[in-house]
2 protein chains.
Amino acid sequence: MASARRRPSSGTPSSAGGEGAGASPDAAYDPSAFPAFAVTVDVVVFTLEGGRLHVLLVQRGTPPHERAWALPGGFVLPREGLEEAARRELAEETGIESGPRHLEQLGAYGDPDRDPRMRVVTVAWWAVIPELPTPQAGSDAAFADLIGVDEILDGQLELAFDHRQILEDALEALRQRLEDTTLASAFEPGPFRISDLRRVYEAVWGVRLEPGNFQRKVRKVPGWLEPCAEEEMLSMRLDESEVAPGRPAQYFRAPDSIRAMLSPMRRPEEDDPDAAP
Amino acid sequence: MASARRRPSSGTPSSAGGEGAGASPDAAYDPSAFPAFAVTVDVVVFTLEGGRLHVLLVQRGTPPHERAWALPGGFVLPREGLEEAARRELAEETGIESGPRHLEQLGAYGDPDRDPRMRVVTVAWWAVIPELPTPQAGSDAAFADLIGVDEILDGQLELAFDHRQILEDALEALRQRLEDTTLASAFEPGPFRISDLRRVYEAVWGVRLEPGNFQRKVRKVPGWLEPCAEEEMLSMRLDESEVAPGRPAQYFRAPDSIRAMLSPMRRPEEDDPDAAP
DNA sequence: ACAAAAGTGTTGTACTTACACCCATGA
DNA sequence: TCATGGGTGTAAGTACAACACTTTTGT
């Protein structure tokens, strides 16, 4: 094509038909002439349970990859925004009325052969929801499960489509966000201790951090931790079985919005994947 | 392993039989029942010219946003991968035979109203091509121009669709990549001096960096800079008008692949946008 | 000689690490 | 009293900003 690279505006602007299409000059607009795609969203929902990182998976019931585990997701509706679709699917699959604490787009995945039925481009998102205090025991028709990420990545648990790739990319994005933002507190449903925050980092990064140094570092981040009043503590955390044998810790609250950290948390070399003896 | 965090089955599982749908058991598969989208790619092509950051834009010739500047891009073909489509469009618009030095996905943009003609989801990419030594003066059918990013963002140059948003996001991604990878050398077409690299950082970040400290910092990054042999210098850079009045510099070559830096470059607070007196 | 760019030395400041140590509580 | 986790002190090591200074060329 034209080796376009010039400054003076002498050149005639051509370009054409669709979007930014440079080809097919002045072709009459005909929507049916353009290839039709199906567009879906898939959401990687991260949460912490028992000090380990989990993701929400559903078990498929229909032919492509039947019975295999898959990320929650579905088709984008005709007049629906992409983030809107992600929030809708997330709400439908998890039944959580309050939205996620964080929702971020990961990217588009559109390999021509990723779905044998038709050409699909999926927009992947990842989200963080806090560890819910009460597991909501009474539910019979369970179609969604929380699976530990270690079991998925280390073990050979099969995921549908390219969802393994998406999960790996989402995990890397999450790890990166813990480095340079205050996202970690999004894993906490209520008032939390600094050691709770440290356990988030340890679970997501797969490392062990010095409690003392972590404490100082976190306290120095402006606008992250506001101390909880005493009354709050008493009312909130009394039901929990958080009866620890040590010195009682101070509880904190974090603002709703995630903020960028000026000096990022440093992620050490990933050591042992096993955590507690 | 499956500690079933689920919601009561009161809510209808919803979501159709497609993609990630864990629900809707045996719904007959009917492709025509799903909304059809057009999928496009748009590419933000960054390059350096005259010590300033530029992007490649095309001027539209058809109704939606006619005569407005737009990012190069176009429809994804039915059996084409997303990155493949981006590379094809980039080659068609720029006429550059050798591919870009870096190509990375930015994300999907799919506001329902972003294109009045039909429902379009575009997958945005950003790329780096080196500043070409010879501006290739003799080209008549030029429909693409390099525009300085300052003129676009500061000035009120109108961009088609949501391309201003895409450009801003791409610029932020580029700035981030300069922090933690060796991407900067992708702007250099051949052997380069450390001060050339510094000028890349200064142009992209809009800051002024200490030459001395920059030198030490860059040299310490393992695997980034390999010194050029003397013959290479003589043959490559003789034609250039790079006759500087100072002490001649050492020239370097960088490996083709972009590597992550262990200790990232620190981006100071953005100061004055103007550079040279 | 002078200007200008390349490259090196030096110093103060800030942050990180590793580890010791004290504090406060339950058992 | 002891075990356990919360929190602080401290000293060595590292990294960086600022700026002076030397080196090597063109004019």
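Residues numbered from 1 in each chain as written. Chains lettered and ligands numbered in written order. Predicted model: local features only at pLDDT ≥ 70, side-chain atom pairs only at ≥ 80, totals over all residues. Heavy atoms only, no water.

### Remarks on the protein's contact with DNA strand D
As a reminder, the rule being used: Whether a residue is near a molecule or strand depends on its heavy atoms: it is near if one of them lies within 4 Å of it. Polar contact is the term for a pair of N or O atoms within 3.5 Å; when the atoms are in protein, one must be able to donate a hydrogen and the other to accept it, and sequence-neighboring residues count only if both atoms are side-chain atoms. Helix and strand definitions here come from DSSP, where helices need a minimum of 4 consecutive H or I residues and strands a minimum of 2 consecutive E residues; each element is numbered from the N-terminal end.
Lining the immediate environment of DNA strand D, one finds 19 residues, of which Ser195(A), Arg247(A), Asn213(B), Lys217(B) and Pro245(B) sit closest. The protein-proximal atoms of DNA strand D, defined as those within 4 Å of the protein, are 56% sugar or phosphate. Residue Gln215(A) places a side-chain N or O atom 3.2 Å away from a sugar or linking oxygen belonging to DNA strand D. Sorting the residues of the surface near DNA strand D by element identifies α4 (194–205) and α5 (211–220) of chain A together with α5 (211–220) of chain B as the ones contributing at least two each.

### Comments concerning the protein's contact with DNA strand C
We apply this condition: Polar here means any residue other than Ala, Val, Leu, Ile, Met, Phe, Trp, Tyr, Cys and Pro, which are nonpolar, and Asp, Glu, Lys and Arg, which are charged; Gly is therefore polar.
In the vicinity of DNA strand C lie 17 residues, with Asn213(A), Lys217(A), Ser195(B), Arg216(B) and Gln250(B) positioned nearest. Take the atoms of DNA strand C that sit within 4 Å of the protein: sugar and phosphate atoms are 54% of them. Arg247(A) is positioned such that a nitrogen or oxygen atom in its side chain is 3.5 Å from a base oxygen of DNA strand C. The side chain of Ser195(B) places a nitrogen or oxygen atom 2.6 Å from a phosphate oxygen of DNA strand C. Counting residues per element, the ones that place at least two in the surface near DNA strand C are α5 of chain A together with α4 (194–205) and α5 of chain B. Broken down by element, the residue count for the surface near DNA strand C peaks at 4 residues, all from α5(B). Looking at the surface near DNA strand C residue by residue, the class counts come to 4 nonpolar, 6 polar and 7 charged.

### So, the packing of α4(A) against α5(A)
All names here are of chain A. Here is the rule: Angles here are taken between N-to-C directions and fall from 0 to 180 degrees, while the axes themselves are lines fitted to C-alpha atoms, restricted in helices to the stretch in contact. In what follows, roughly perpendicular refers to angles from 65 to 115 degrees, roughly parallel to angles under 35, roughly antiparallel to angles over 145, and oblique to any angle outside these ranges. Residue contacts are counted whenever heavy atoms from the two residues lie within 4.5 Å of one another.
Contact geometry for α4 and α5: axes closest at 10 Å, N-to-C directions at 105 degrees. By the angle between their axes, α4 is roughly perpendicular relative to α5. Here α4 contributes Ile-194, Leu-197, Arg-198 and Tyr-201 to the contact with α5, which in turn contributes Pro-211, Phe-214, Gln-215, Val-218 and Arg-219. Each residue belonging to the contact of α4 with α5 can be placed in one class, and the counts come to 6 nonpolar, 1 polar and 2 charged.

### Structural notes on the environment of Gly190(B)
By secondary structure assignment, the location of Gly190(B) is in the loop between α3 (163–180) and α4. Here the alpha-carbon distance between Gly190(B) and Pro130(B), two residues 60 residues apart in the chain, equals 8.6 Å.

### Quick word on the confidence of the model for chain A
Low-pLDDT portions of the prediction should not be read for the details of their coordinates. Threshold: A residue's pLDDT is the predictor's confidence in that residue, given on a scale from 0 to 100.
Within chain A, residue pLDDT values average 82, and 77% of them lie at 70 or more. Residue range residues 272–277 of chain A is modelled with pLDDT below 50. Its contacts to residues more than four positions away, or to other chains, number 5 contacts.

### With respect to unusual backbone geometry
Residues and elements named next belong to chain A. Heads up, the rule is: In this scheme, a residue with accessible area under 20% of its type's maximum is buried, one over 50% is exposed, and one in between is partly exposed, where area comes from a 1.4 Å probe on protein chains only.
Positive phi, close to 60 degrees, is recorded for His-65, a residue that is not glycine. The topology assignment puts His-65 in the loop between β2 (52–59) and β3 (69–70). Notably, Arg-67 is not glycine yet its phi reads approximately 70 degrees, a positive angle. With respect to the helices and strands, Arg-67 occurs in the loop between β2 and β3. In this structure Arg-67 comes out as exposed when scored by relative accessible area, which is 57%.

### A few points about helix α1 (residues 82–94) of chain B
Residues and elements named next belong to chain B. The test is simple: Expected span, for any helix, means 1.5 Å times one less than how many residues it has. What the arc covers is the set of directions going from the helix axis to the C-beta atoms.
For α1, built from 13 residues, the straight-helix expectation of 18 Å at 1.5 Å per residue is met to within 8% by its first-to-last C-alpha distance of 18 Å. Restricting attention to buried positions, one finds in α1 the residues Leu-82, Ala-85, Ala-86, Glu-89, Leu-90, Glu-93 and Thr-94. Viewed along the axis of α1, the buried residues span an arc of 140 degrees, placing them on a single side of the element. Phi turns positive one or two residues past the end of α1, at Gly-95, with a value near 70 degrees.

### Considerations on α4(A)
Residue and element names in this part refer to chain A. Its 12 residues give α4 an end-to-end C-alpha distance of 17 Å, which sits within 8% of 16 Å, the value for a rise of 1.5 Å per residue. For α4, the buried fraction is high: 10 of the 12 residues fall into the buried class. Every buried residue belonging to α4 is among Ile-194, Ser-195, Asp-196, Leu-197, Arg-198, Val-200, Tyr-201, Glu-202, Val-204 and Trp-205, and all of these are buried. Residues of α4 that are buried sit in contact with β1 (38–49), β2, α3 (163–180), α5 and β9 (252–253). At the exit of α4 stands Gly-206, carrying a positive phi of roughly 70 degrees.

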